[in-house]
Amino acid sequence: QKTLSHSLQISQEGESAQLALTLFSSRIKNMIVPTGTGYANAAPVETRGAEAEFRDRLAKALSVYGNWAYALATAKEDLYGNLGADKKGWLGMPHQTFNLGLDVSLKENVSLDIHARGWRDALVDAYDETLGTNAVQGLGGEMALDAALSYRKVLGSSLSLSLFGTNLLDNDGRTPDQQI
């Protein structure tokens, strides 16, 4: 794979808050993609988009953060010479992703992070009953709630322990890279 990437970021930092806006573009040649029976090189894939992010310390032990990104990944053609030519997007890549979270310091070396993350507007290759065959279809979106409990400097050492929980509400969500 060969990648050429560019980004431009504008940021502002205050006493307790940070804001940033990033514009990005990348082009991947010979991208390696799974085919179901192995791997192959895809046509050049171009991704362009923007990401906005913020973080604010509301109190000494409490911070809120979030980000939202829009990206459009396109290819002139897929492995079979047909998908992606309409510039609607690359299969499995959502157009929008977001994250909103809360960091709480429970003790000097113990913290809890709770965040909602999700995506919208992805394309998948799914069975279309009207056509009687697989076709590219839009997939609305999903959201999940995750948490992480971190314990740093365990017993005064440099050891850290973390406990992660993903999709805590078990929403049976799909990820955009899953085929229906």
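Preceding this paragraph is the structure being described.
Note that the structure is predicted; figures quoted are calculated from it, not measured.

Draft legend 1. Spotlight on the side chain of S111. Tracing the backbone through its elements, the reader meets S111 in strand β8 (residues 110-128). Within the structure, S111 has its side chain in polar contact with the side chain of R152 (distance 3.2 Å).

Draft legend 2. Focus on the pattern of salt bridges. If you walk through the whole model with that rule in mind, you get 4 salt bridges. Residues R27 and E46 are paired through a salt bridge, measuring 2.5 Å at the closest nitrogen-oxygen approach. Remark: E46 occurs in strand β5 (residues 45-59) and R27 occurs in strand β2 (residues 17-29); sequence separation between them is 19 residues. A salt bridge links D146 to R117, with the shortest nitrogen-to-oxygen separation between them at 2.3 Å. Residue D146 is located in strand β9 (residues 133-151), and its partner R117 is located in strand β8; the two are separated by 29 residues in the primary sequence. You can call D146 buried: its relative accessible area is 5%. The exposure class of R117 is partly exposed, given its relative accessible area of 36%. In the salt-bridge network here, residues are joined through shared partners; they are R27, E46 and R48.

Draft legend 3. Up close: a nonpolar patch on the surface. A surface patch of nonpolar side chains, amounting to about 380 Å² of accessible area, comprises L8, I10, L21 and L23. Elements with a minimum of two residues in the nonpolar patch: β1 (2-13) and β2. Looking at the secondary structure, you find I10 in strand β1.

Draft legend 4. Quick peek at the environment of Q12. Within the secondary structure, Q12 sits in strand β1. What makes Q12 exposed here is its relative accessible area of 54%. Separated by 42 residues in the primary sequence, Q12 and F54 place their C-alpha atoms 9.6 Å from one another. If we skip the residues at most four places from it in the chain, Q12 touches A17, Q18 and L19.

Draft legend 5. The arrangement of unusual backbone geometry in detail. Even without a glycine there, the phi angle at K153 is positive, about 55°. Of note, K153 is situated in the loop between β9 and β10 (161-165). Positive phi is not limited to glycine here, since N167 has a value of about 50°. Structurally, N167 can be placed in the segment after β10. Looking at N167, the relative accessible area reads 23%, which means it is partly exposed.

Draft legend 6. Seen up close, the pairing of strand β6 (residues 62-75). Direction of pairing for β5 relative to β6: antiparallel, over a ladder of 14 bridges. Residue E51 lies in a different strand from β6, and its bridge partner there is A69. With 9 bridges connecting them, β6 and strand β7 (residues 96-107) associate as antiparallel partners. Note that in β7 the partner of G66 across the bridge is L100.

Basis of the calculations
- Residues numbered from 1 in each chain as written.
- Predicted model: local features only at pLDDT ≥ 70, side-chain atom pairs only at ≥ 80, totals over all residues.
- Heavy atoms only, no water.
- Helix = DSSP H or I, 4+ residues; strand = E, 2+ residues; numbered from the N terminus.
- Polar contact = N/O pair within 3.5 Å; in protein donor to acceptor, adjacent residues only side chain to side chain.
- Salt bridge = Lys/Arg side-chain N within 4 Å of Asp/Glu carboxyl O.
- Buried < 20%, exposed > 50% of the residue type's maximum accessible area, 1.4 Å probe, protein only.
- Patch = residues over 30% accessible without salt bridge, like charges linked within 9 Å, V, L, I, M, F, W, Y side chains within 5 Å.
- Areas by Shrake-Rupley, 256 points an atom, 1.4 Å probe, with all protein chains shown as cover.
- Contact = heavy atoms within 4.5 Å.
- Pairing = 2+ DSSP bridges.

Everything listed here is a matter of geometry and, on its own, says nothing about what the molecule does.
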